[in-house]
Every structure is written in structure tokens, then in C-alpha cells.
Amino acid sequence: MNVRLESLSFGYPGGAQALRQVSLEVASGSWLALVGENGAGKTTLAKVICGLLRPDTGRVWVGDWNAQEHSAAQLARRITYVFQNPDDQLFQRTVQAEVSFGPRNLGLPPSEIEERLIQTLEVLQLEGLRSRHPYDLTPTQRKFVALAAADAMRAPLMILDEPTTGLDGPALRLLDGYLARKRQEGRTLIAISHDMDFVAEQFERVVVMAEGKVLADAPAAQVFGASDLLAASHLEAPQLVRLAERLRWPTRPLTVEAFVADLATRRMAEARR
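From a predicted model like this one, the values you see are computed outputs, not experimental measurements.

A. The arrangement of the overall build of the protein chain in detail. Across its full length, the protein chain carries 11 helices and 10 strands. Relative to the compact-globule value of 19 Å for 273 residues, the protein chain shows a C-alpha radius of gyration of 20 Å, a close match. The proportion of buried residues among the 273 residues of the protein chain is 47%. Put simply, 62% of the contacts in the protein chain that link residues at least 6 apart link residues at least 24 apart. Here the protein chain displays about 13400 Å² of accessible surface, and carbon together with sulfur accounts for 50% of that area. Charged side chains in the protein chain number 31 positive and 33 negative. The centres of these two groups are separated by 1 Å.

B. A look at the nonpolar core. Within the largest apolar cluster, 48 residues are counted, with the highest numbers of intra-cluster contacts made by Phe144, Leu147, Val199 and Phe224. Ignoring any residue separated from it by four or fewer positions in sequence, one finds Val199 in contact with Ala33, Val35, Ser193, Val206 and Phe224. Membership of the second largest hydrophobic core comes to 32 residues, among which are Met1, Val48, Ala67 and Ile79.

C. Highlighting the pattern of salt bridges. What the rule picks out here adds up to 14 salt bridges. Across the salt bridge formed by Asp64 and Arg78, the nearest N and O atoms sit 3.0 Å from each other. Of this pair, Asp64 sits in the loop between strand 4 (57-62) and strand 5 (65-66) while Arg78 sits in the loop between helix 2 (72-75) and strand 6 (79-82), and the two are 14 residues apart along the sequence. The exposure class of Arg78 is buried, given its relative accessible area of 16%. With its nearest N and O atoms 2.8 Å apart, the salt bridge here joins Asp217 to Arg205. With Asp217 in strand 10 (residues 213-219) and Arg205 in strand 9 (residues 205-210), this residue pair connects regions lying 12 residues apart in the sequence. A single salt-bridge network, built from bridges that share partners, covers Asp151, Arg154, Lys182, Glu185 and Arg187.

D. Broad picture of the packing of helix 3 (residues 95-105) against helix 5 (residues 139-151). Running from N to C, helix 3 and helix 5 point in directions that differ by 30 degrees, and their axes come no closer than 7 Å. Taken together, the axis directions place helix 3 and helix 5 in an arrangement best described as roughly parallel. Contacts between helix 3 and helix 5 involve Val95, Glu98 and Val99 from the first element and Val145, Ala148 and Ala149 from the second. Across the contact of helix 3 with helix 5, the residue classes tally to five nonpolar, no polar and one charged.

E. The arrangement of the pairing of strand 4 in detail. Judged from the five bridges that link them, strand 1 (residues 3-11) and strand 4 form a sheet pairing that is antiparallel. Bridged to Leu5 within strand 4 is Val60. One ladder, built from two bridges, connects strand 4 with strand 5; its direction is antiparallel. The residue bridging Trp61 from the neighbouring strand is Asn66, located in strand 5. Where strand 4 folds back on strand 5, the antiparallel hairpin that results is connected by two residues, among which Gly63 adopts a positive phi of roughly 65 degrees.

Definitions and cut-offs
- Residues numbered from 1 in each chain as written.
- Predicted model: local features only at pLDDT ≥ 70, side-chain atom pairs only at ≥ 80, totals over all residues.
- Heavy atoms only, no water.
- Helix = DSSP H or I, 4+ residues; strand = E, 2+ residues; numbered from the N terminus.
- Rg over C-alpha atoms; globule rule 2.2 N^0.38 Å.
- Buried < 20%, exposed > 50% of the residue type's maximum accessible area, 1.4 Å probe, protein only.
- Contact = heavy atoms within 4.5 Å.
- Areas by Shrake-Rupley, 256 points an atom, 1.4 Å probe, with all protein chains shown as cover.
- Lys, Arg positive; Asp, Glu negative; His and termini not counted.
- Charge placed at Lys NZ, Arg CZ, Asp CG, Glu CD.
- Core = buried A, V, L, I, M, F, W, Y, C linked by side-chain atoms within 4.5 Å.
- Salt bridge = Lys/Arg side-chain N within 4 Å of Asp/Glu carboxyl O.
- Axes fitted to C-alpha atoms, helices over the stretch in contact; angles between N-to-C directions.
- Parallel < 35°, antiparallel > 145°, perpendicular 65-115°, else oblique.
- Nonpolar A, V, L, I, M, F, W, Y, C, P; charged D, E, K, R; others polar.
- Pairing = 2+ DSSP bridges.

Here is the structure:
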């Protein structure tokens, strides 16, 4: 599902201007990360895209839909949004009811609802929690229940707000496995994140925002190699990029695999000397 944003501006009543003439295009099947310090406009932009907020000026196109002509409920067929805090969106009495709510509202037959429920709970390792109340679960489990509820909608575009916040090592590996499946399915994904290591690992394209404006829209390697841009937007480069800089490497590997490959190449070159 492709998304096109045309000169979006938005201001909260009595508050600051949150978005200032933002234009972006996200191709179907592509992955984009929105980064920037708190108050940069990232979450506001996400809420405008999915129809939770209406822009003061500009347009949002979701596929062939002008988003302003559709309700948030209608847009939910094309876009699912997972909040940073799962407690902001969980409201059912059981995990099963929570994950089934969206598909049921789509009018799907019971067999299809059950199939989606089983598949989604299995992928996110929630099978044993079907009858549990979401608020009896750990914060990490609640985060995955919110993700499962969004996933069960099978919308072609997902927006994830700070998906790694509060996750430990095993939970991060579970999230990585889930995202690998979504990439194979061709899902379009937009993520808001302060976790630059996660962004470097998962996203080819990074949009840097500050004060409601787009400062940069470029490949991840270019963004994380621009020290002036990172300083201006109060961002820190991923750990591997910082390590490569300390080692005085001319390259800036973004993933562990790339770092190991660069290291092997350098050791081979040194061995030939």
C-alpha cells in the first residue's frame, strides 16, 4: 500500500505547530523509519496518516484514497497503528477478544476470524494467553497483544510507534522474527523510533524530523554517516557506526553482518601485507 503526503501542516488548538509543510511518499512494500527528538512531529504525522488527526492543510493519499474523505474506521482496513504504550489501545477483557475485535468489525466469517487469531497468537508466542485479561499480563506481553490485534487486521500498511521500547533480549528477537515475516509478506511499514540500532538493522530509508519539518529523507547509511545532521537533530549514531568511527574505518556498517564482513576483509588485507 503506497502513501503520499502533500504539504501537510497541523497545529494543536492553543499549542505549537506540530507539522510544517511535510511532503513524503512511501512506496508499496517499502519500509521507512521516522526519527527525531521528542516533539519533532513524528507521532502527530503517524496519527494524521491513519486518520486519527486531520491536517489543517495538505492531503494524505493512502493508495487511491484521499484520507480526508474516509473515517479512521474505514482507513483501518488499509492502515493499522500500534501505539507506543499498549495500555492506550487495549480495552477487551481477554487476549482472544482483543485480537479478534478488528477482524470481527470487518465482518469476516467466524472461521476466518479464528484462523487469523490462531496464526497471529502463534507468531507472537501468545497462544497460552488467549483467556487472560490483557492487564494481568506483563508490559512486554501487553505490547505484543497490541501488535497482535493490529496484525490480525491484515492491513497492507502498518505503523509502529516505538516498537522496541521496554523489550529485553528475547523479546527483541521475537520482534525481529515477526518483522522478518512481515517483510516477506510485502507489508508496507512505517516505524517511529528512538532506537537507532533497531533503525539501522531494519530500515533502508530514514526520515529525520525536527520542529515539525523534514530535515532529511535518505538511505540509512547516508543519514547515520552525516554527523552534522545527527547533531542538529539531537540523535546519536548506532553503536556499530560509532565503533567503526573509533576504529577509523572509512565505512559505516549498519548491521552486525556488515560489520563482521568489513572486519574479515580488513584482516585478509592485513594478512597479505
